[in-house]
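# Chain and residue survey
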Amino acid sequence: MANQTIRVLVAKPGLDGHDRGALVVAQGLRDAGMEVIYTGLRQTPEQIASIAIQEDVDCVGLSSLSGAHMQLFPEIVSQLRNAGANDVLVIGGGVVPQDDIPYLLEKGIDAVFTPGTPISEIAAYIRTHIQRRGYMHAGINKTEADSDSAAETIRQLTEDTLEEPSNMPQELLQNLRIVPEQLDHIGIAVRSLHESLHLYQEQLGMEVIHEETVSDQNVHILFLKIKETVIELLEPTDKASPIAKFMEKRGPGLHHLAFKVNDIRQALGYAKAAGYQLIDETPRKGAHHKWVAFLHPKHTGGVLTEFCQPMEDE
């Protein structure tokens, strides 16, 4: 759904012979990246519904300047729903008095845009609500989207949109929060673990709780702890190590912050959907028997940010 082009039918129902506004909107929606089909003038509700179904459109945009919108717009909605096209978004526009809008909304028109509405606003509404209906069609409504019970569904849907997070519905996106359990550890790049122990172990009294070599990253690691604070010292084992390259540019020091999350794939999906660049699109095995994944520091205030999750059998 996320990568499909939105198809819109712009229709002129009734005897209204003026379509300049409809054509301007049609061109604007094309410029916004949508595929637009125009019915032409003087279409009946039956014809418009039939074209919408045949063309398998996502949205029908109705334009009327004749004052017949109170009869024609609801009739088109009725034709669509009777034909089983329940997921087609229907919007209206033209010379529609404000007093008429509540009735139209009650009759199933999703939104009415009056003269002067920017086309960008119409396009944004269509994109957001088409996406939202896609989520609803997949079994999730807005209330469910706000609840923890839909987390698994949201996660899968979020994974489906990893290539294009901007397609996430804003009202759903606003409810997504990573919420880590805690700061897991602070990663520090060092030239020598042995020399660093003088400070962290002997002077600061930290306890070594784990030591490991991660061969695919060419790094030797020590975890030290004092009360609830854990630091990870990272020493490169050769020049090909990412830690070695990091120190070539910045020297030894703070390398990353690691946050413990209870679902690392979900955290990655939320972060990607929110616009953060992922270094790891999927979790990989890290030190201390954890799944790990990193966010690019250029989007996190210059700080390399890690999500980590203990492996299940730990």
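Before reading further, recall that the structure is shown in the block above.
Quick summary incoming for the structure in this document. (Residues numbered from 1 in each chain as written. Predicted model: local features only at pLDDT ≥ 70, side-chain atom pairs only at ≥ 80, totals over all residues. Heavy atoms only, no water.)

### Digging into the nonpolar core
Ranked by internal contacts, the top residues of the largest apolar core, which has 22 residues, are Leu9, Ile48, Val60, Leu62, Leu80 and Ile109. Those elements that provide at least two residues to this core are strand E1 (7–11), helix H2 (45–54), strand E3 (59–64), helix H3 (69–82) and helix H4 (101–106). Here this core gets 5 residues from one element, more than from any other, and that element is H3. Ranked by size, the runner-up nonpolar core spans 18 residues in total, among them Ala26, Leu29, Met34 and Ile122. (Core = buried A, V, L, I, M, F, W, Y, C linked by side-chain atoms within 4.5 Å. Buried < 20%, exposed > 50% of the residue type's maximum accessible area, 1.4 Å probe, protein only. Helix = DSSP H or I, 4+ residues; strand = E, 2+ residues; numbered from the N terminus.)

### Focus: the packing of H2 against H3
The packing of two helices is summarised by the inter-axis angle and the distance between the axes. Following both chains from N to C, one finds H2 and H3 inclined at 45°, their axes separated by 9 Å at the closest point. By the criterion of interaxial angle, the relationship of H2 to H3 is oblique. The crossing of H2 and H3 is right-handed. Residue-level inspection shows Pro45, Glu46, Ile48, Ala49, Ala52 and Ile53 of H2 in contact with H3, the latter providing Leu72, Glu75, Ile76, Gln79 and Leu80. (Axes fitted to C-alpha atoms, helices over the stretch in contact; angles between N-to-C directions. Parallel < 35°, antiparallel > 145°, perpendicular 65-115°, else oblique. Left-handed = near helix turned anticlockwise from the far one by under 90°. Contact = heavy atoms within 4.5 Å.)

### Let's talk about the pattern of salt bridges
Overall, the coordinates contain 6 salt bridges when judged by the stated rule. The salt bridge involving Glu181 is made with Lys260; its shortest N-O contact spans 3.8 Å. Here the residue Glu181 occupies a position in the loop between helix H8 (170–173) and strand E6 (182–189), and Lys260 occupies one in strand E10 (residues 253–260), the gap between them amounting to 79 residues. Given the relative accessible area of 44%, Glu181 is considered partly exposed. Two residues, Glu281 and Lys272, come together in a salt bridge whose shortest N-O distance is 3.4 Å. The exposure class assigned to Glu281 is partly exposed, which follows from its relative accessible area of 37%. Judged by its relative accessible area of 12%, Lys272 falls in the buried class. Here the salt bridges do not stand alone but share partners, grouping Arg7, Glu35 and Glu55 into one network. (Salt bridge = Lys/Arg side-chain N within 4 Å of Asp/Glu carboxyl O.)

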